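Close look at the chain arrangement
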Amino acid sequence: MRSVPLHLKPGSDLRQALEQLAVEQNASGFVLGVVGNLAQAAFQCPGKISPTVLRGELEIITLQGTLSPEGVHLHLSLSDGDCRVWGGHLEPGSRVLKGADLLVGLLDTVAQTREQASRPATAAGQTKAAGAAPAVSEPNEPRVTIAVRSGCPFSRRALRMLRTLGIPLRLIEPSAEGPVPQVFVDGELIGGYTELAESHGRGELEVLRQG
């Protein structure tokens with residue numbers, strides 16, 4: 001395992017920053033520690049339909065959970081100005097106030113490579129190139145496959161939309177010269193971020209949501 005420090009400036013999205021780190025590093029890991037505060041916190045409470053959103057000077061108490069290129073699962077607890085404690089699943093829209101410093105533990109890349117090499121060529125979750133449409137998903141595989149490129153804002157938006165909707169996905173490498181993101185459903189290319197957003201507006205992504 002290697003420890004990676006992450007400093008977030010005011011206005012940074014806490015969850016998006018950790019999602020981006022996992023994609024850029026192409027590694028899985030977990031949050032070791034955090035200090036900082038938020039101007040806005042968005043978190044999902046048990047039994048609630050929509051996220052709870054708080055605004056003000058909010059001190060982060062804990063942030064625990066896992067991250068990988070496929071997504072993050074993080075639990076946030078924080079204190080408001082009256083020292084009341086809140087918490088739940090971290091959602092997009094949690095914005096840093098003055099700054100936040102995190103320490104993230106990422107798994108050894110060599111160990112990950114060996115593990116992937118030991119899997120069959122058709123194993124679920126294996127990274128493939130996006131030069132051609134991926135094979136139709138097996139029953140236990142995510143129906144959505146997406147090719148993204150580090151630093152692309154539309155790739156980040158597409159990932160954020162899918163994860164906010166709770167849609168399982170599998171990341172693949174983009175083709176050398178092709179545009180990103182490239183979104184596939186059941187092996188069929190539906191397009192990029194614009195087409196994904198249009199499908200969401202028509203309610204066509206509801207059948208892909210988990211649970």
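1. Side note on the packing of helix α3 (residues 153-164) against helix α4 (residues 193-201)
- Look at α3 against α4: their axes get within 9 Å of each other, and the N-to-C directions meet at 25 degrees. When the axes of α3 and α4 are compared, the pair comes out roughly parallel. For the pair α3 and α4, the crossing hand works out as left-handed. Contact with α3, carried on its side by Phe154, Arg157, Ala158, Met161 and Leu162, involves Tyr193, Leu196, Ala197 and His200 of α4 and no other residues of that element.

2. Some points on the sheet that holds strand β7 (residues 144-147)
- Read across the open sheet, the four strands follow the order β8-β7-β9-β10; overall the sheet is mixed. Of all the strands in the sheet, the pair left with one neighbour each is β8 (169-172) and β10 (188-191). Neighbour-to-neighbour, the strand axes of this sheet turn through a mean angle of 30 degrees, independent of strand direction.
- Bridging between β7 and strand β9 (residues 182-185) involves four bridges; their strand directions are antiparallel. Its bridge partner being in β9, threonine 145 is matched across the sheet by phenylalanine 184.
- On top of the sheet, α3 reaches β7 and β8; it is set at about 160 degrees to β8, its chief contact.

3. Re the side chain of asparagine 37
- Structurally, asparagine 37 is set in strand β2 (residues 29-44).
- On the basis of relative accessibility, which here comes to 8%, the residue asparagine 37 falls in the buried class.
- If we ignore the near neighbours within four places in the chain, the residues touching asparagine 37 are Glu57, Leu58, Glu59, Ile60, Val96, Leu97, Lys98 and Gly99.

4. Quick notes on the confidence of the model for the protein
- Across the protein, pLDDT averages 83, with 84% of residues at or above 70.
- Taken as a whole, residues 109-113 scores under 50 in pLDDT and shows five contacts with residues more than four places along the chain or in a different chain.
- Here residues 119-128 is modelled with pLDDT under 50, and outside its nearest four sequence neighbours on either side it reaches 15 contacts, counting other chains as well.

The rules behind each value
Residues numbered from 1 in each chain as written. Predicted model: local features only at pLDDT ≥ 70, side-chain atom pairs only at ≥ 80, totals over all residues. Heavy atoms only, no water. Axes fitted to C-alpha atoms, helices over the stretch in contact; angles between N-to-C directions. Helix = DSSP H or I, 4+ residues; strand = E, 2+ residues; numbered from the N terminus. Parallel < 35°, antiparallel > 145°, perpendicular 65-115°, else oblique. Left-handed = near helix turned anticlockwise from the far one by under 90°. Contact = heavy atoms within 4.5 Å. Pairing = 2+ DSSP bridges. Buried < 20%, exposed > 50% of the residue type's maximum accessible area, 1.4 Å probe, protein only. pLDDT = per-residue confidence, 0-100.

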